[in-house]
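For reference, the chains in residue letters:
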Amino acid sequence: ARALLKIESYRQQAYQNIQQILGKTPPEIACHRRETFNNLPTEAQKIAVSYCRNSISIVENSGLSRSQFNDITRRLRSDQSLKERVQNAIIRIQREKK
């Protein structure tokens, strides 16, 4: 949950910066599929690469491997129980920050 929160913060900022460069909604960017951002302007590509590197670092510093983290995020789409547990953990983390 902590890793998801940190990554989401970086994702939103990167998305906004890329949107400003493009002047429109950015295409889907998937870190594991470089071709999703190869056609972006150079500055937007730099932002995407930086986001991906930061995301990897956050995941690894959380104690999870990339494959473990990706597996969990995939399971969130179909496992309602897991989704609720992660959402509750995110709420607890956000309350701790206040």
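Our subject is the structure listed above.
This is a predicted model, so every value here is computed, not measured.

(A) Structural view of the overall build of the protein chain. Assigned secondary structure in the protein chain consists of four helices and zero strands. Its helices and strands taken in sequence order, the protein chain reads α-α-α-α from the N to the C terminus. Once the C-alpha set of the protein chain is aligned to its principal axes, its extents read approximately 40 × 30 × 25 Å. Across the 98 residues in the protein chain, those meeting the buried criterion constitute 27%. Across the protein chain, every contact between residues at least 6 apart in sequence was considered, and the portion connecting residues at least 24 apart equals 44%. Element-wise, carbon and sulfur atoms account for 45% of the exposed surface of the protein chain, whose accessible area totals about 7100 Å². Here the protein chain contributes 18 positive and 9 negative side-chain charges, whose respective centroids are spaced 3 Å apart.

(B) Inspection of the nonpolar core at higher detail. The biggest cluster of nonpolar side chains holds 15 residues, and the ones touching the most others in it are Ile7, Ile18, Phe37, Tyr51 and Phe69. Element by element, the count of residues in this core is highest for helix H2 (residues 42-61), at eight residues.

(C) Representation of the packing of helix H1 (residues 2-22) against helix H3 (residues 66-76) within the structure. Relative orientation of the contacting elements H1 and H3 amounts to 85 degrees, with a least axis distance of 12 Å. Considering their axes alone, H1 and H3 lie roughly perpendicular with respect to each other. Contact residues: Ala3, Leu4 and Ile7 in H1; Phe69, Thr73 and Leu76 in H3.

(D) Geometry of the state of the cysteines. This structure, assessed with the given rule, holds one disulfide. One disulfide in the model links Cys31 with Cys52; its S-S distance is 2.1 Å. Across the disulfide from Cys31 to Cys52, rotation about the S-S bond amounts to roughly -90 degrees, and the bridge is consequently left-handed. With Cys31 in the loop between H1 and H2 and Cys52 in helix H2, this pair connects stretches of sequence that are 21 residues apart. Residue class for Cys52 comes out buried when judged on its relative accessible area of 7%.

(E) Here's a closer look at the packing of aromatic side chains. Tallied over the entire structure, the rule returns zero aromatic pairs. If you follow Arg11 out to its NZ or CZ, it ends over the ring of Tyr15, 5.9 Å from the centre.

About the criteria used
- Residues numbered from 1 in each chain as written.
- Predicted model: local features only at pLDDT ≥ 70, side-chain atom pairs only at ≥ 80, totals over all residues.
- Heavy atoms only, no water.
- Helix = DSSP H or I, 4+ residues; strand = E, 2+ residues; numbered from the N terminus.
- Buried < 20%, exposed > 50% of the residue type's maximum accessible area, 1.4 Å probe, protein only.
- Contact = heavy atoms within 4.5 Å.
- Areas by Shrake-Rupley, 256 points an atom, 1.4 Å probe, with all protein chains shown as cover.
- Lys, Arg positive; Asp, Glu negative; His and termini not counted.
- Charge placed at Lys NZ, Arg CZ, Asp CG, Glu CD.
- Core = buried A, V, L, I, M, F, W, Y, C linked by side-chain atoms within 4.5 Å.
- Axes fitted to C-alpha atoms, helices over the stretch in contact; angles between N-to-C directions.
- Parallel < 35°, antiparallel > 145°, perpendicular 65-115°, else oblique.
- Disulfide = S-S within 2.5 Å.
- Phe/Tyr/Trp six-rings, centres within 6.5 Å; stacked < 30°, edge-to-face > 60°.
- Lys NZ or Arg CZ within 6 Å of the ring centre and 35° of its normal.

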